[in-house]
Protein chains: 2
Amino acid sequence: MSVNVENTVEIMAGFRALADPLRLQIIELLRSQELCVCELCKKLEVNQSKLSFHLKNLKEAGLVNSHQEGRWIYYRLNLVQFVALEHYLAEYRRFGDIPSARNCQ
Amino acid sequence: MSVNVENTVEIMAGFRALADPLRLQIIELLRSQELCVCELCKKLEVNQSKLSFHLKNLKEAGLVNSHQEGRWIYYRLNLVQFVALEHYLAEYRRFGDIPSARNCQ
DNA sequence: TTGATGTATCAAAAAATATTGATGGGTTAA
DNA sequence: TTAACCCATCAATATTTTTTGATACATCAA
């Protein structure tokens, strides 16, 4: 019933990574297909350095993985982490209605 | 199938609000019971101004509601918004495996 | 080899967020 | 009334995050 404190840091990192418009655009693109950085650059019309920064951010939060193929580095979603975040949120409604406050003082 | 762009701003605001340790502590406390600001202050050992800032943040993101009762203002979770965020994440796994990249160039 | 391409990283500047302390507005009890 | 309490807001500061441009390191093609 109580929230797992050890995981909370990772969960929060996930939410933090999702809290940015460009990063949200990135993961929405990756939703349908794995992509390399240069393709993301073109589709999102941002410079490579900026994109690299945000991809690192997403990767450190566990939301994406990458693998190299020749000189390209492909990024793809790590769905496991999405599920973890989803479950964290699901916990909040698991126990139904929340009691009103008993009077303060 | 595609992600609803209009909602994305609200969804992102939700994630942003969750991306902070104190705010996460707040909602974890509110999970079991509605609380007033002074009680949250005591439990979390932070000053009132700081707490007020973060509560405003959570409220603007739709994660909590508040109502006044005498001189106390009680905050409680807005579970509807938690469900909305949960559903947003659930969309990512709805369509199963993601194709590998076709070669870039 | 050499030069071009794809990507990460770094330092500096810019922008966004958070903290702090002070103040003020409601509400209640005396 | 007055004073105490609960809370929001504001301005100034501090901190964190993001952007930008430069550079460096692989890999590949010629």
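Just above sits the structure.
Bear in mind the structure is a predicted one, so any value in this text is a computation, not a measurement. (Residues numbered from 1 in each chain as written. Chains lettered and ligands numbered in written order. Predicted model: local features only at pLDDT ≥ 70, side-chain atom pairs only at ≥ 80, totals over all residues. Heavy atoms only, no water.)

Colleague: Hey, could you run me through the relation of the copies chain B and chain A in this one?
Modeller: The operation relating the two chain copies consists of a rotation about an axis and a shift along that axis. Mapping chain B onto chain A calls for a screw motion: a turn of 180° about the axis and a shift of 0.0 Å along it, with 0.0 Å RMSD after fitting. Look at the turn and shift together and you get a two-fold axis relating the two. A high fraction, 100%, of the interface residues of chain B reappear at the interface in chain A, so the copies pair face to face through one surface. (Least-squares fit on C-alpha atoms with pLDDT ≥ 70 in both. Contact = heavy atoms within 4.5 Å.)

Colleague: Is there a simple way to explain the sheet that holds strand β3 (residues 72-77) of chain B in this structure?
Modeller: If you walk across this open sheet you meet the three strands as β1-β3-β2 (chain B), and the pairing is antiparallel. A strand with exactly one partner marks an edge of an open sheet, and here the two such strands are β1 (35-36) and β2 (64-69) of chain B. (Pairing = 2+ DSSP bridges. Helix = DSSP H or I, 4+ residues; strand = E, 2+ residues; numbered from the N terminus.)

Colleague: What am I meant to see in the protein's contact with DNA strand C here?
Modeller: Inspection of the region around DNA strand C gives 23 residues, with Cys 38, Gln 48 and Tyr 75 of chain A together with Ser 49 and His 54 of chain B positioned closest. Backbone atoms, meaning sugar and phosphate, make up 64% of the atoms of DNA strand C lying within 4 Å of the protein. His 54 of chain B has a polar side-chain atom sitting 2.4 Å from a phosphate oxygen of DNA strand C. Ranked by the residues each element gives to the surface near DNA strand C, the list is headed by helix α4 (residues 48-60) of chain B, at five residues. Tallied by class, the residues present in the surface near DNA strand C amount to seven nonpolar, nine polar and seven charged. (Near = heavy atom within 4 Å. Polar contact = N/O pair within 3.5 Å; in protein donor to acceptor, adjacent residues only side chain to side chain. Nonpolar A, V, L, I, M, F, W, Y, C, P; charged D, E, K, R; others polar.)

Colleague: Is there a simple way to think about the pairing of strand β3 (residues 72-77) of chain A in this case?
Modeller: One face of the sheet, then the other: side chains in a regular strand alternate in exactly this way. Residues and elements named next belong to chain A. Across two bridges, strand β1 (residues 35-36) lies against β3 in antiparallel orientation. What sits directly across from Leu 35, in β3, is Tyr 75. The sheet contact formed by strand β2 (residues 64-69) and β3 spans six bridges and is antiparallel. Opposite Glu 69, over in β3, you have Trp 72 as the bridge partner. Between β2 and the antiparallel strand that follows it, β3, lie two residues; Gly 70 among them carries a positive phi value of about 65°.

Colleague: Would you mind going over the interface of chain B and chain A with me for this structure?
Modeller: Accessible area lost upon the coming together of the parts is a frequently used measure of interface size. Facing the 47 residues of chain B at the interface are 47 residues of chain A. Inspection of the chain B/chain A interface yields four salt bridges. When the shortest N-O distance is used, the salt bridge between Glu 91 of chain B and Arg 31 of chain A registers 3.5 Å. The tally of links between chain B and chain A comes to 14 residue pairs in polar contact (both at pLDDT 80 or more). The set of elements that each furnish at least two residues to the side of chain B that touches chain A consists of α1 (5-18), α2 (21-30), α3 (37-44), β3 and α5 (79-94) of chain B. Taken together, the residues of the side of chain B that touches chain A sort by class into 28 nonpolar, seven polar and 12 charged. (Salt bridge = Lys/Arg side-chain N within 4 Å of Asp/Glu carboxyl O.)

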